[in-house]
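# What the coordinates show
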Amino acid sequence: MNETTPVAVAQVPPPRKRPAVRGDGAPHRGAGHRPAPARRLLRSQGVLAVLLAVVTTASFVYPTFATLDNARGVTVQASFLAVVALGMTLVIITGGIDLSVGSVFALGGVLAAWASQWGVLPALLAPLLVCGAIGLLNGFLIARAAMAPFIVTLATLLAARGLLLAVTDEGATTYLVPKGSAFAGLGQGSVWGFGHPVLIALVLFGAGGLLLQRTSFGQTLFAVGGSSDAATLMGLPVARTKLLVYTLSGLLAGLAGALNAARLSSGVTIVGVGMELDAISAVVIGGTLLAGGAGSISGTLWGVLLLAVIQNLINQIGSLNSSYQSVVSGGFLIVVVVAQRCLARGRRAG
């Protein structure tokens, strides 16, 4: 029998684990690493960080800025844009756009002022029905007829403005809200010093946040914005979803116009010009992608407040005429978007 000679096997120590290296050459910290809470907040809410920085700086530079009366004025003025931007957020998340909201806002105010002579209920129902119908038309043409959102909403922008001029005799007639009426109190009343429009906007944003984050409809919005074709293959109701978001956008724009009419006690015909651009700016500044598929309700709220603070600061300066106010505002918005992009890039890198 052949005997096998045992061979000594060298014990090789296991290789030492080296830290994973990211693309920039820095070692990866592992899944267990968590950045500090303040850092996480800064990365996830970049526009909020910019807003806090602007408010803090302005409070030191302009003593009249950090007053309760000024805060009340800023929030009331921002509340109308906030309601419009809420609907715009839902539309943009699905990958669409709604250029008609400015004209719908003005039309809603005129209809509310006209119907206010019969009470608060008609003053609210008239703009909601008409403006909701305009949003429904937008949604039908975009979702069912497969028309481009830009073209459809541009057409309804002109149609809503034309209907506004027809109702007001080419702008010659201004409908007034009866003094002391319940509808006027809806826009001019306050709770704890803050106007009713501010509270209504906060309630709507709370409901919008729950809708977007806690319901299947909200998840469908993200899926449709990410890829309509993929959402269709998944069996999601793509057409119905688009129909609903454009209808909601029209309803919210009409409601904001009604609240503005109650605040001003009249249906002003020249309001809402360029409001669609302000709403889009607030949504984009808040982190919602124009391509769709990503966004947040809270980000839009901070974006609206940032726009309102910028405008208030321009008024605080007082030395800038109207020709330069838009230049300063636009330049500041570019800085804000660049800062937000850098924060978002840091979030992805972390």
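Keep in mind the model is a prediction, meaning the values are calculated, not measured. The written sequence of each chain sets the order in which its residues are numbered from 1. Predicted model: local features are reported for residues with pLDDT of at least 70 only, side-chain atom pairs are reported and counted for 80 or more only, and whole-chain, interface and lining totals are derived from all residues. Note: side-chain values were computed over all heavy atoms of the structure, leaving out hydrogens and water.

### What to know about the overall build of the chain
A count of helices and strands for the chain gives 14 helices and 2 strands. A simple rule labels every residue: compare its accessible area, found with a 1.4 Å probe on the protein chains alone, to the largest value its type can have, and call it buried under 20%, exposed over 50%, or partly exposed in between. Taken across its 350 residues, the chain has 42% of its residues classed as buried. For the accessible areas, the method is Shrake-Rupley and the probe is 1.4 Å, while residue cover comes only from the protein chains on display. Approximately 18,400 Å² of the chain is accessible, and the part contributed by carbon and sulfur atoms is 66%. Helix and strand assignments follow DSSP, with helices taken as H or I runs no shorter than four residues and strands as E runs no shorter than two, numbered in order from the N terminus.

### Side note on the packing of aromatic side chains
Aromatic contacts are taken between Phe, Tyr and Trp rings whose centres are within 6.5 Å, Trp giving its six-membered ring; a plane angle under 30 degrees counts as stacked, one over 60 as edge-to-face, and the others as tilted. Evaluation of the coordinates by the stated rule reveals 1 aromatic pair. When the centroid spacing of 5.2 Å and the interplanar angle of 80° are considered together, the rings of Trp114 and Trp118 count as edge-to-face. Residue class for Trp114 comes out partly exposed when judged on its relative accessible area of 35%. The exposure class of Trp118 is exposed, given its relative accessible area of 54%.

### As for the pattern of salt bridges
A carboxyl oxygen of Asp or Glu within 4 Å of a side-chain nitrogen of Lys or Arg is what we treat as a salt bridge. For the structure on display, the rule yields 1 salt bridge. One salt bridge in this structure joins Arg72 and Asp69, with 3.5 Å as the shortest N-O distance. Linking Arg72 with Asp69, this pair stays in helix H3 (residues 68-93), spanning 3 residues, or about one helical turn.

### Description of the packing of H3 against helix H11 (residues 238-264)
Helices that pack against each other are described as a pair by the angle of their axes relative to one another and the distance between those axes. Between N-to-C directions, angles span 0 to 180 degrees; the directions come from axes that are lines fitted to C-alpha atoms, helices contributing only their stretch in contact. Two elements in contact, H3 and H11, have axes separated by 7 Å at closest approach and are oriented at 170°. Taken together, the axes of H3 and H11 lie roughly antiparallel to each other. On H11, the residues that touch Val76, Phe80, Val83, Val84, Leu86, Gly87, Met88, Leu90 and Val91 of H3 are Val245, Tyr246, Leu248, Ser249, Leu252, Ala253, Ala256, Leu259, Asn260 and Arg263. Angular relationships are summarised with four words: roughly parallel below 35 degrees, roughly antiparallel beyond 145, roughly perpendicular across 65 to 115, and oblique for the angles in between. Contacts were defined at the residue level, with two residues in contact if any of their heavy atoms lie within 4.5 Å.

Everything listed is a geometric property; what it means functionally is a separate question.
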